[in-house]
Amino acid sequence: MPFFATIVDTAVLQSQISSLPAFESKRAEGDWLVSKPKTHSAVYRTANASEIVLSNGLIARTFRLGPNAATVGLVNLTTGESLLRAVGPEASVTIGGKEWSIGGLVGQPDRAFLLAPWIDKLASDPNAFRFTGFEVGKPRERMPWKRVRHAPEAAWPPPGVGLTLWFAGPVDGVKVGVHYEMADGMPSYSKWLTVENGSKAPIRLDSFSSEILSTVEAESMVDDSQEWQRPNMTVLTDYSFGGMAATNSNRTVYWQPEPEYGTQVNYSLKTPCKLVVKPPLGPAADISPGGSLSSFTSFVLLHDSTEKERRGLALRKMYRTYAPWSLENPIMLHLTSTDPKVVHQAIDQAAECGFEMIVISFWSGLDMEDITPANIAKIKAFREYANSKGIELGGYSLLASRKIDDKNDVIDPKTMKPDTAAIFGSSPCLGSKWGIEYFEKIKRFVEETGFNLLEHDGSYPGDVCASTEHPGHRGLDDSQWNQYQSISALYRWCREKGVFLNVPDSYFFAGSNKTGMGYRESNWSLPREQQHIHARQNLFDGTWEKTPSMGWMMVPMVEYQGGGPAATIEPLHEHLMDYELHLANNFGYGAQACYRGPRLYDAPETKAAVIKWVNWFKKHRDILESDVIHVRRADGRRLDAVLHVNPSLSEKAMLVVYNPSDHEMEDEFDVPLYYSGLTDKVRVVEHDGKSSEVHLDRGHNVKIHVKVAPKTCSWLAFSK
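Here the structure is a predicted model, which is why all the values come from computation and not from measurement.

## Observations concerning the overall build of the chain
Piece 1. Per the secondary structure count, the chain includes 12 helices and 38 strands.
Piece 2. For the chain, the C-alpha radius of gyration of 27 Å lies close to 27 Å, the compact-globule estimate for 720 residues.
Piece 3. For the C-alpha atoms alone, the extent of the chain along its principal axes is close to 80 × 65 × 50 Å.
Piece 4. Expressed as a percentage of the 720 residues in the chain, the buried residues total 60%.
Piece 5. For the chain, the share of sequence-separated contacts (at least 6 apart) that also reach a separation of at least 24 residues comes to 70%.
Piece 6. In the form shown here, the chain has an accessible surface area of approximately 27,800 Å², with 50% of it arising from carbon and sulfur atoms.
Piece 7. When the 76 basic and 87 acidic side-chain charges of the chain are each reduced to a single mean position, those positions are 3 Å apart.

Pasting the structure below:
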C-alpha cells in the first residue's frame, strides 16, 4: 500500500524496493513479432537503491525515486536505443488556474543527454507534487467485455504488470496517481492519471498532461523545417475522435519544441522533441470532496525499425492487445428494408449462405429513436427470428452529422451561434437536452429489442460547445470532455453487453469493434469493373495500420449514391462474376464488407456462388484474418497480391493473387515468409489441391510462379 505523506518514508520505500527482483538489462531472445518472448513484464530493482525499472524484456523505463520520482531512462532493449535525453516531471495538473508538476527532478546541466553522475545531483522542484510511495499490481480490465463472437489471440486484460507512483501536496488534500501498465510480449506501455480530492471542498481540474517526455530528436536540422521527423514511436490514446485513421483522430498527442534545450542543433530551438499528451481542451471538471477523476489512457509503442511493414505489424499487434474486441469479424448483410417480408427473407438467406450478422441499414425505415411499444415490438420480433436462425441482428443510428435545432446544436464560441461550430457542418451537442435524451433512447432501444449490433454513424467528432444552457456541460471548457464521456460510456456499455459496434471513427480503445477500411463513398457509384480495382487498393492501403477485421468495405448490390445499373449488382444472377469478385476481394483480404441490399441471392446459381465463397473463407478464416504482408498493390494492369501470415497456426501463410484482366495472366512473386515463422523447407498447397515442397532463401523468401484465370483470384497455402 502507498504511504501518503509530504515526504516519503525512507524505510518503507527501501523495504519495497529490496523485495523486487533484480533487473538484468538484456533483450528478450527471438523476434517478438514472430515468436513469444520468454521474459515477462515486472517491476525490478537496480544496483542503485533509489531506482526501480518497469520492463518486459523488450523495453525498460527506469524511475529514480529520490529526492522526487522521475523517469531517468527509456530504452528499447531490442535495438539498445535510448529515447530519453532529459529529465522532466511525470505529469502535470492545473488546479484552480495554477499548473503543478507531478514529481520530476531539476538541475540537469545539458538537456542533450543525461549522464549517470548528474542524476545523483538533481534536485526536487519545491513547487511540485512529492512522491510518497508506489504499488505493483496487474493490468486492469479497462472495460468489461462480453465475448459472444470468435476473437483469436484475445487475452483480456492483457497479461503483464501494473505500476502506480503516488504523489501528494502541494495542494492540500489532493493526491495524484501516475499509473503505468506494461503488457507481456510487445514493446509498449499504457499510462493514465487519477486525481483524488481528500479535502473538504470541491476542486476544479482545469487541465492535465499525463505524459511529458524529453525525447531524443529524430533529426538534427540547423534550419527550420516544414516536415519534421518524429521519434520512432507511436503514441495513441482512447480520447480519440474525428477520423477513421488513428493519426487523424489523435488530438491528444503533441510533439512540441523544447526551448530550454539550448544546445540543440536547430538555431530557432524549434525541434519537436518533447512529447506532451494532454486534452486539447479542459477537462475543467469539478472533483467533489472524497471524489476522484481518471484521465484518458495513452498507449505508447516503441518501434524497433523504420521499415513501413514492420511498423504496421507492431501497431496492429498493439490494437490486438489493447482492443482485442476489434478481432471480432462477423460476415454481415446491410439490409435496406424494414418490410417484414423482406426482413424474414433476408434472415433466411443469410442463414442458408453462412452469413452471421444483419445490419438494418440507413434509408431502410429503421428509427432507433422511436421507442414506442409498437416499434420496439416489431424490431424485437425481427431480432428474435434472426437469433432463432443463428443470425445476429442490429441497426443503424445517426448521431452527430445532423441538425436538430438552435437550442440543442453545438454553439460556436466565436459567434455564439450554431451552424458554424460543427466539424460535420451541423451537429447536436451531446450535453444538450436532446443529446441526453438521445443516449437514453438508444440504450433503451438496444436493451428492449435485444439488438446484437449498433452501427453508430456520425459519431462524436470532437465538437466543442459554448452554450451555458445545456444541462450536460457548464460552458465551453468542459464541453468536449463531457460530450466524450457520454459517447464513450455508451460504447463501454455496448462492450459489456456484447453489442457489436460499427463506428466510422477511431474509437477502438473506447470499445468500438470496427470502422471503415478507408474508401471514398462516391467510388461505389463507379462502373463495377472500376470498383474492384478501387476495392483492392483500399484494402491494401487500409491494412497497413488496421488488422483485416478492423475495417469494413462496401458492396453496392443496389444503388448506393448513384451510378445506376452500371454500378450495382442487382439483378444478382446477371452480374454473378462481379458479385463473386466482390466476395473474393473482401474474403481474400480477411475483411468484411457491408453487402448492401435486400437479399443475398436471386437464383440457385447465385446462392451456390455465395455459399462457395463463404465456405472457403470459413475454412481458412484463421489465416485470412491474420496479419497482412503487402506484396503488390492493384493497378489494373498486372496481377496484384496480398500475403497473410501467422506463426502460431498450422496453416502459417496464405498468398492470394488477383487477376484484374479479361484474359489469363501469370507472373512470378517473391513471397516474403519471414513473419510466418517458416524456415528452410516449406509445403505449398495450391487452390486446386496440388502440393509441393520448396526451400526458402536466406531472407525467408521463396519464388512462386502463379497463373490466374480472368477476373478472379487464386491462392496458395504455406505450412511446415
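There is more to say after this.
## Brief notes about the environment of Leu 54
Piece 1. Along the chain, the position of Leu 54 falls in strand S2 (residues 51-55).
Piece 2. For Leu 54, the contacting residues outside a window of four places in its chain are Ala 42, Val 43, Ile 59, Ala 60, Arg 61, Phe 63, Val 161, Leu 163, Tyr 180 and Met 182.

## Let's talk about the sheet that holds strand S5 (residues 81-82)
Piece 1. In spatial order, the strands read S1-S2-S3-S4-S5; together these five strands make up an open sheet with antiparallel pairing. A single partner strand is all that each edge strand has here, and the edge strands are strand S1 (42-45) and S5.
Piece 2. Two elements, S1 and S2, share four bridges in a ladder whose sense is antiparallel. Bridging from a neighbouring strand, Arg 45 pairs with Ile 52 of S2.

## Side note on the pairing of strand S26 (residues 453-457)
Piece 1. For S26, the tally of buried residues reaches four of five residues, placing the bulk of the element in the interior.
Piece 2. Direction of pairing for strand S25 (residues 392-398) relative to S26: parallel, over a ladder of five bridges. Pairing of Gly 395 across the sheet is with Leu 454, part of S26.
Piece 3. For the handedness criterion, the β-α-β arrangement of S25, helix H7 (residues 433-449) and S26 is classed as right-handed.
Piece 4. Across three bridges, the pairing between S26 and strand S27 (residues 500-502) is parallel. Looking at the pairing, Leu 453 lines up with Phe 500 of S27.
Piece 5. What joins S26 to S27 is helix H8 (residues 479-497), and the crossover it makes is right-handed.

## Focus on a nonpolar patch on the surface
Piece 1. On the surface, a cluster of nonpolar side chains totalling about 330 Å² of accessible area is made up of Val 222, Val 265 and Tyr 267.
Piece 2. With respect to the helices and strands, Tyr 267 occurs in the loop between strand S18 (253-257) and strand S19 (272-277).
Piece 3. On the basis of relative accessibility, which here comes to 72%, the residue Tyr 267 falls in the exposed class.

## Considering the environment of Gly 588
Piece 1. Following the sequence through the fold, Gly 588 ends up in helix H10 (residues 576-589).
Piece 2. Taking the C-alpha atoms as reference, Gly 588 lies 6.7 Å from Leu 624; in sequence the two are 36 residues apart.
Piece 3. Those residues in contact with Gly 588 that lie beyond four places of it in its chain are Leu 583, Trp 616, Leu 624, Val 642, His 644, Val 656 and Tyr 658.

## Topic: the side chain of His 532
Piece 1. Mapped onto the elements of the fold, His 532 is located in helix H9 (residues 528-542).
Piece 2. Overall, the relative accessible area of 4% leaves His 532 in the buried class.
Piece 3. Within polar-contact distance, the side chain of His 532 engages the side chain of Asp 578 at 2.9 Å.
Piece 4. There is a polar contact of 3.3 Å between the side chain of His 532 and the side chain of Asn 585.
Piece 5. Setting aside residues up to four positions removed in sequence, His 532 forms contacts with Asp 578, Leu 581, His 582 and Asn 585.

## With respect to the pattern of salt bridges
Piece 1. Counted under the stated rule, the structure contains 42 salt bridges.
Piece 2. Between Arg 61 and Glu 211 there is a salt bridge, and its shortest N-O distance comes to 2.8 Å. Of the two residues, Arg 61 sits in strand S3 (residues 59-64) while Glu 211 sits in strand S16 (residues 211-215), which places them 150 residues apart along the sequence.
Piece 3. The class for Arg 61 is buried, based on a relative accessible area of 1%.
Piece 4. By relative accessible area, which is 1% here, Glu 211 ends up buried.
Piece 5. Bridged by salt links that share partners, the residues Arg 61, Glu 90, Lys 191 and Glu 211 form one connected network.

## Re the packing of aromatic side chains
The geometry of an aromatic ring pair is captured by two quantities: the separation of the ring centres and the angle between the planes.
Piece 1. One pass over the structure, following the stated rule, counts 37 aromatic pairs.
Piece 2. With a centroid separation of 6.3 Å and 40° between ring planes, the pair formed by Trp 363 and Tyr 560 is classed as tilted. With Trp 363 in the loop between strand S24 (357-360) and helix H6 (373-388) and Tyr 560 in the loop between strand S29 (551-556) and H10, this residue pair connects regions lying 197 residues apart in the sequence.
Piece 3. Taking the centre distance of 5.2 Å and the plane angle of 90° together, the rings of Tyr 491 and Tyr 507 count as edge-to-face. Taken together, the residues Tyr 491 in helix H8 and Tyr 507 in the loop between S27 and strand S28 (515-516) connect sequence positions 16 residues apart.

## Some details on the side chain of Gln 592
Piece 1. Along the chain, Gln 592 turns up in strand S30 (residues 592-597).
Piece 2. Beyond its immediate sequence surroundings of up to four residues, Gln 592 is in contact with Asn 329, Pro 330, Ile 331, Lys 514, Gly 551, Trp 552, Met 553, Phe 587 and Phe 617.

## Quick word on the environment of Leu 399
Piece 1. The residue Leu 399 is located in the loop between S25 and H7 in this model.
Piece 2. According to the relative accessible area criterion, Leu 399 is buried, its value standing at 0%.
Piece 3. Sequence separation between Leu 399 and Ser 459 is 60 residues, and the spatial gap between their C-alpha atoms is 5.8 Å.
Piece 4. In this structure, Leu 399 is in contact with Pro 428, Leu 430, Trp 434, Tyr 438, Phe 439, His 456, Asp 457, Gly 458, Ser 459, Tyr 460 and Ile 487, ignoring residues within four places of it in sequence.

## Focus: H6
Piece 1. Its 16 residues place the ends of H6 22 Å apart at the C-alpha level, agreeing with the 22 Å of an ideal helix rising 1.5 Å per residue.
Piece 2. Along H6, the positions that sit buried rather than exposed are Asn 375, Ile 376, Ile 379, Phe 382, Arg 383 and Ala 386. For H6, the angular spread of the buried residues around the axis is 130°, confining them to a single face. Away from its buried face, by an angle of more than 90 degrees, H6 presents the exposed residues Pro 373, Ala 374 and Ser 388.
Piece 3. Close packing links the buried residues of H6 with helix H5 (340-353), S24, S25 and H7.

## What to know about the state of the cysteines
Piece 1. Considering all chains together, one arrives at zero disulfides under this definition.
Piece 2. Here Cys 429 is not cross-linked by a disulfide; its sulfur's nearest cysteine counterpart is in Cys 465, at 3.9 Å.
Piece 3. With no disulfide of its own, Cys 594 has Cys 494 as its nearest cysteine by sulfur position, at a separation of 17 Å.
Piece 4. Overall, Cys 594 belongs to the buried group, its relative accessible area being 2%.

The rules behind these values
The numbers attached to residues start from 1 for each chain and follow its sequence in the written order. Residue-level local features of this predicted model are given only where pLDDT is at least 70; pairs of side-chain atoms are given and counted only at 80 or more, and the full residue set underlies all totals for whole chains, interfaces and linings. Note that the side-chain values use all heavy atoms of the structure and ignore hydrogens as well as water. Secondary structure counts use DSSP, requiring at least four H or I residues in a row for a helix and at least two E residues in a row for a strand, with both numbered from the N terminus. Taken over C-alpha atoms, the radius of gyration is set against a globule rule of 2.2 Å times the number of residues to the power 0.38. Relative accessibility decides the category of a residue: with a 1.4 Å probe and only protein chains considered, values under 20% of the type maximum give buried, values over 50% give exposed, and everything between is partly exposed. Only heavy atoms enter the contact rule, under which two residues are in contact if any of them lie within 4.5 Å. For the area figures, the Shrake-Rupley method with a 1.4 Å probe applies, and any residue is considered shielded solely by the protein chains shown. Charged residues are defined narrowly, with Lys and Arg counted positive, Asp and Glu counted negative, and His plus the chain ends left uncounted. For the purpose of locating charges, the reference atoms are NZ of Lys, CZ of Arg, CG of Asp and CD of Glu. Any two strands are treated as partners once DSSP identifies two or more bridges connecting them. Crossover handedness is defined here as right-handed if the route from the first strand over the helix to the second strand goes clockwise, with the strands pointing away from the viewer. Residues enter a patch when their relative accessible area is above 30% and they make no salt bridge; the linking distance is 9 Å between like charges and 5 Å between nonpolar side chains (Val, Leu, Ile, Met, Phe, Trp, Tyr). We define a salt bridge as a side-chain nitrogen of Lys or Arg found within 4 Å of a carboxyl oxygen belonging to Asp or Glu. Distance and chemistry together define a polar contact, namely a pair of N or O atoms within 3.5 Å, with one atom able to donate a hydrogen and the other to accept it when in protein, and with adjacent residues in sequence counting only for side-chain atoms on both sides. Between 30 and 60 degrees the pair is tilted, below 30 it is stacked and above 60 it is edge-to-face, where a pair is any two Phe, Tyr or Trp rings, Trp via its six-membered ring, whose centres lie within 6.5 Å. Take the residue count of a helix, subtract one, and multiply by 1.5 Å to get its expected span. Comment: arc refers to directions from the helix axis out to C-beta atoms. By disulfide we mean two sulfur atoms from cysteines, separated by a distance within 2.5 Å.

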